[in-house]
Amino acid sequence: MKRLIVLGASLAVTAAVSAQSLVVSVKNREQQKEDAVAYYALPKNYVEVSVIAKKTVRKVGPFAGATRRLFGKDPKVSGDSELWSIENVTMVRKSEPDANQQYKVYAPFTSNACLVSLSSSGVISGVNSASAVALPDGKCMKRGCCSAVAEVEPVFVSNYRYKEVDEPEQEANDSVVVVKKKPELTDAEFVYEEINRLRKMKMDILLQDAEVLQDRGVSAYMEEIEKTEAELYALFDGKEASFMVRKTFVFYPDKEGNIEVFRFSEREGFSDNGEPVLATVNRRYSGIKQDAAENSKSGFVYRQPAVVSVEIKQGKKSFCSESMEVAQLGSLMKLPAGLFDKSDFKAEFDVETGALIKLSK
């Protein structure tokens, strides 16, 4: 009886050692006798393009038509307009699991092939190696996400009021300047006289003794005069204001050649009516080709990424260019699954590109 037990144990060990590890695509519907010990994905790269554009808004003053008659020169702003320009473009390569490159691993409990390390997103980072590295979570939408606008539209003075000389006296609150207006003056002529009055006040202050000019109260009063004068003169000269618009776009470098990232117009900014801004992808190095078809010998599939140059441009104008590794433009490679059955081999993979970083014991 004891002999039969020993013989049975011997057969069990022999069966476990002879069992082969297997790695197949999740698309492979072949039924296995046992459940897969692990599932993993290869990474796929996308590129985030961050764009900072400047929007300049110009507004014509309400008294622009009287500027030449009263001041002897044309107004700075002769009509309402918007002008956009791209100030800065940067790009960053990022990764996500590739839905078309997912695999399942079958391995006996005696094999190190069942010790598969994964990132938090399910991308393979190692075999028989505790080297799991998390991929950054989330990405922007493909069309203009993460926009942040700090907008300051030109607004003409609204706290300046006047009344006719024959109107009854009214109390003026702190936010409104009430000035008497002569009936024979047009609005433009009245504001013109006010500008001249303020300029005379400044001159009178500047002609005072040095000690008077150094007084803080006088300095603050002078600043208020200059501020009011500038606001009033803008009613003739017009106003201009600039602010920055920041947007992020995403594209996948799945092919060589030109890929449209977004459209931009000098008149409308980020608009579908604008001229295309393209990412030009050129392959510089593809790596070694290896047959990794599903009907080939089983193995741990990984990537040998291609090295490409990526340039962001609009027409002949180039905004930025970078060299980067792109997983999906490279080659699929394999490590034999049986390599880990009877050895202490360790494999580490780059979770960003799927490349083999190190194979060691």
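Given the structure is predicted, the values throughout are model-derived calculations rather than measurements. For every chain, the first residue of the written sequence is number 1, and numbering continues from 1 onward in sequence order. The predicted origin of the model limits local features to residues at a pLDDT of at least 70 and limits the giving and counting of side-chain atom pairs to 80 or more, whereas totals for whole chains, interfaces and linings rest on all residues. Just so you know, side-chain values use all the structure's heavy atoms and leave hydrogens and water out.

Colleague: When you look at helix α3 (residues 187–206) in this model, what are you seeing that I'm missing?
Modeller: Given 3.6 residues per turn, any residue in an α-helix points the same way as the ones three and four places further on. A run of H or I in DSSP becomes a helix once it reaches four residues, and a run of E becomes a strand once it reaches two; helices and strands are each numbered from the N terminus. A helix is expected to span 1.5 Å for every residue after the first. With 20 residues, α3 ought to run about 28 Å at 1.5 Å a step, and its terminal C-alpha atoms sit 29 Å apart, in line with that. Exposure categories follow from relative accessible area, calculated using a 1.4 Å probe and restricted to protein chains: below 20% of the type maximum is buried, above 50% is exposed, and the middle band is partly exposed. Those residues of α3 that fall on the buried side of the exposure criterion are Ala188, Phe190, Val191, Glu194, Ile195, Leu198, Lys202 and Ile205. An end-on view of α3 places all buried positions within 160° of arc, on one side of the element. This arc is taken over the directions from the axis of the helix to the C-beta atoms.

Colleague: Would you mind showing me how to read the packing of aromatic side chains here?
Modeller: One pair of aromatic rings is described through two measures. These are the centre distance and the angle between the planes. Pairing of aromatic side chains here covers Phe, Tyr and the six-membered ring of Trp, requires ring centres within 6.5 Å, and sorts the geometry by plane angle: under 30 degrees stacked, over 60 edge-to-face, intermediate tilted. Taken as a whole, this structure holds 15 aromatic pairs when the rule is applied. Where Phe71 meets Tyr233, the ring centres are 5.0 Å apart and the plane angle is 85°; that geometry is what we call edge-to-face. On the criterion of sequence distance, the pair formed by Phe71 in helix α2 (residues 67–71) and Tyr233 in helix α5 (residues 216–237) is long-range, its members being 162 residues apart. Aromatic pair Phe262 and Phe270: ring centres 5.7 Å apart, planes at 50°, arrangement tilted. Both residues of the pair, Phe262 and Phe270, belong to the buried class. Here a set of aromatic residues connected by ring pairs shows up, and it is made of Phe63, Phe71, Tyr192, Tyr233 and Phe236.

Colleague: I keep staring at α5 and nothing clicks. Help me out?
Modeller: In this model α5 runs 31 Å from its N-terminal to its C-terminal C-alpha over 22 residues, within 8% of the 32 Å that 1.5 Å per residue would give. For α5, the complete set of buried residues consists of Val218, Met222, Ile225, Glu229, Leu232, Tyr233, Ala234, Leu235, Phe236 and Asp237. At the exit of α5 stands Gly238, carrying a positive phi of roughly 90°.

Colleague: How should I be thinking about the pattern of salt bridges in this particular structure?
Modeller: A carboxyl oxygen of Asp or Glu within 4 Å of a side-chain nitrogen of Lys or Arg is what we treat as a salt bridge. Per the stated rule, a full pass over the model turns up 14 salt bridges. Note that Arg283 and Glu256 form a salt bridge whose closest N and O atoms lie 3.3 Å from each other. Of the two residues, Arg283 is situated in strand β12 (residues 275–285) and Glu256 in the loop between β9 (239–251) and β10 (257–265); the sequence distance between them amounts to 27 residues.

Colleague: Any chance you could explain the sheet that holds strand β5 (residues 124–127) here in plain terms?
Modeller: Strands in a sheet are paired, the pairing made by backbone hydrogen bonds, and the direction either parallel or antiparallel. Between any two strands, at least two bridges found by DSSP are needed for them to pair. With respect to topology, four strands assemble into an open sheet ordered β4-β5-β15-β16, the strand pairing being antiparallel. The sheet terminates laterally at β4 (116–118) and β16 (356–360), the two strands that pair on one side only. Ignoring strand direction, the axes of neighbouring strands in this sheet form an average angle of 15°. Bridge count between β5 and strand β15 (residues 346–349): two bridges; the pairing is antiparallel. When the sheet's bridge partners are listed, Gly126 is paired in β15 with Glu348. Axes here mean lines fitted to C-alpha atoms, for a helix over just the part in contact, with angles spanning 0 to 180 degrees between N-to-C directions.

Colleague: Hey, could you run me through the sheet that holds strand β14 (residues 317–336) in this one?
Modeller: Here we have five strands laid out as an open sheet, ordered β11-β10-β12-β13-β14, and antiparallel in their pairing. Each of the sheet's edge strands pairs with one partner strand only, and the pair in question is β11 (269–270) and β14. For β10 and β12, the ladder comprises seven bridges, and the chain directions are antiparallel. Within β12, the position partnered with Phe262 by the bridge is Val277.

Colleague: Help me understand the environment of Gly354, please; the structure alone is not making it clear to me.
Modeller: Looking at the element boundaries, Gly354 is found in the loop between β15 and β16. Along the backbone, Gly354 and Leu332 are 22 residues apart, and their C-alpha atoms lie at a distance of 9.3 Å.

Colleague: How do you make sense of the side chain of Lys202 when you look at a structure like this?
Modeller: Relative to the assigned elements, Lys202 resides in helix α3. Here the side chain of Lys202 touches Glu229 through a polar contact of 2.9 Å, side chain to side chain. Between two residues, a contact is recorded if the distance between any of their heavy atoms is within 4.5 Å. Setting aside chain neighbours within four positions, we find Lys202 in contact with Met222, Ile225, Glu226 and Glu229. Under the rule applied, a polar contact is a pair of N or O atoms within 3.5 Å (in protein, one hydrogen donor and one hydrogen acceptor; residues adjacent in sequence only if both atoms are side-chain atoms).

Colleague: Explain unusual backbone geometry to me, please; I cannot follow it from the model alone.
Modeller: Trans peptide bonds make up most of the peptide bonds, and negative phi angles are found at most residues other than glycine. One non-glycine residue, Asn128, lies in the positive phi region at around 60°. By secondary structure assignment, the location of Asn128 is in the loop between β5 and β6 (145–149). Classification of Asn128 by relative accessible area gives buried; the value is 14%.

Colleague: Hey, could you run me through the pairing of β14 in this one?
Modeller: The side chains of a regular strand alternate between both faces of the sheet. In the sheet, strand β13 (residues 299–314) pairs with β14 via 15 bridges, with the strands oriented antiparallel. Paired with Gln304 across the bridge in β14 is Ser331. Hairpin connection of β13 to β14: two residues between the antiparallel strands, including Gly315 at a positive phi of 60°.

Colleague: Please clarify how a nonpolar patch on the surface should be interpreted in this entry.
Modeller: A patch consists of residues whose relative accessible area exceeds 30% and which take part in no salt bridge; residues with like charges are grouped when within 9 Å of each other, and nonpolar side chains (Val, Leu, Ile, Met, Phe, Trp, Tyr) when within 5 Å. Surface accessibility in these figures is a Shrake-Rupley result with a 1.4 Å probe; residues are shielded only by whichever protein chains are displayed. A grouping of Met203, Leu206 and Leu207 is seen on the molecular surface, where their side chains present a nonpolar patch of about 330 Å² in accessible area. You can call Leu207 exposed: its relative accessible area is 65%.

Honestly, it's all geometry; don't read function into it.
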